[in-house]
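Breakdown of the fold
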Amino acid sequence: MLSRTKKIGYAVAGIILFFAFIFLIFTASFRRPCRKTVQKYAQMPSLAFSIIKAESGFSEDAVSSAGAVGLMQLMPSTAKFVCEQNNIPFNAEQLNDGEYNAMLGCIYLNYLQSRFEDTKTVIAAYNAGEGIVSLWLKNNEYSDDGVHLKSIPYGETKNYVKKVLRYQKIYAIFD
């Protein structure tokens, strides 16, 4: 029969191995060029990686039924807005290119971070749109202070925020 100390030691070793395995899965699930692009353009790389994981699972060819494209699932109109605001040439055909998509997505994420103070609110805006989230922040039912969301009326967005925040805990090593 194993002693209590050995049982605890095996349990701790098992937990460490489990988290090491999870870490390896997440760090191996994106290309190195994308990693450099995200680290260059994102204010919070962990947030950008978390959004990429939630949006496309790191698939450059991902296209949603709504027409969002690439790693960060950018709508072409959003990508065009980012390009116009930052004097970047817009090329809709390049939205499936991981580097281009990640660059534009990170710049857009930085823009949302400049508009909204709270990370949870930024994530909600990335999913539901900044206009919708601005309306929620003005509504006492969803926000007490106009900065933080106390509840999110869209189930999809509520689940999305939870998922991205879970991923961000793992990707925090990149900040």
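For the structure itself, consult the block above.
Notes on the structure follow. Residue indices begin from 1 for each chain and proceed along its sequence in written order. Given that this is a predicted model, residues contribute local features only at a pLDDT of at least 70 and side-chain atom pairs are listed and counted only at 80 or more, while totals for whole chains, interfaces and linings are drawn from all residues. Values shown for side chains rest on all heavy atoms present in the structure; no hydrogens or waters enter the calculation.

**Some remarks on the side chain of N101**
For the purposes of this entry, the term helix denotes a DSSP run of H or I that reaches at least four residues, the term strand denotes a run of E that reaches at least two, and both are numbered from the N terminus. Note on placement: N101 falls in helix α5 (residues 98-115). Whenever two N or O atoms come within 3.5 Å, that pair is a polar contact, provided that in protein one can donate a hydrogen and the other can accept it, and provided that, for residues adjacent in sequence, both atoms are side-chain atoms. In this structure the side chain of N101 is engaged in a polar contact, spanning 2.8 Å, whose partner is the backbone oxygen of L95. When residues no more than four places from it in sequence are discounted, the contact partners of N101 are V69, G70, L71, M72, Q73, L74 and L95. Every residue pair with non-hydrogen atoms within 4.5 Å of one another is taken to be in contact.

**With respect to the nonpolar core**
For this analysis, a nonpolar core means a set of buried residues of the types Ala, Val, Leu, Ile, Met, Phe, Trp, Tyr and Cys, connected via side-chain atoms within 4.5 Å. Throughout this description, buried means an accessible area under 20% of the type-specific maximum (1.4 Å probe, protein chains only), exposed means over 50%, and partly exposed covers the range between. Of all hydrophobic cores here, the largest spans 47 residues; its most connected members are V38, I51, M72, L104, Y126, V133 and W136. Every element with two or more residues in this core is listed here: α2 (32-41), α3 (45-56), α4 (76-86), α5, α6 (119-128), α7 (130-138) and α8 (155-171). At 9 residues, α5 tops the list of elements feeding residues into this core. If we ignore the near neighbours within four places in the chain, the residues touching V38 are P45, A48, F49, I52, A102 and C106.

**Side note on the packing of aromatic side chains**
A pair of aromatic rings is counted whenever rings of Phe, Tyr or Trp (Trp by its six-membered ring) have centres within 6.5 Å, and the orientation is called stacked for planes under 30 degrees apart, edge-to-face for over 60 and tilted otherwise. Evaluated as defined, the whole model comprises 7 aromatic pairs. Each ring, one from Y108 and one from Y126, has its centre 5.8 Å from the other, and the planes form 50°; the classification is tilted. One end of the pair, Y108, is in helix α5; the other, Y126, is in helix α6, and 18 residues separate them in sequence. The exposure classification of Y108 matches that of Y126, with both residues buried. Put simply, the rings of F81, Y108, Y111 and Y126 pair up and form one aromatic cluster.

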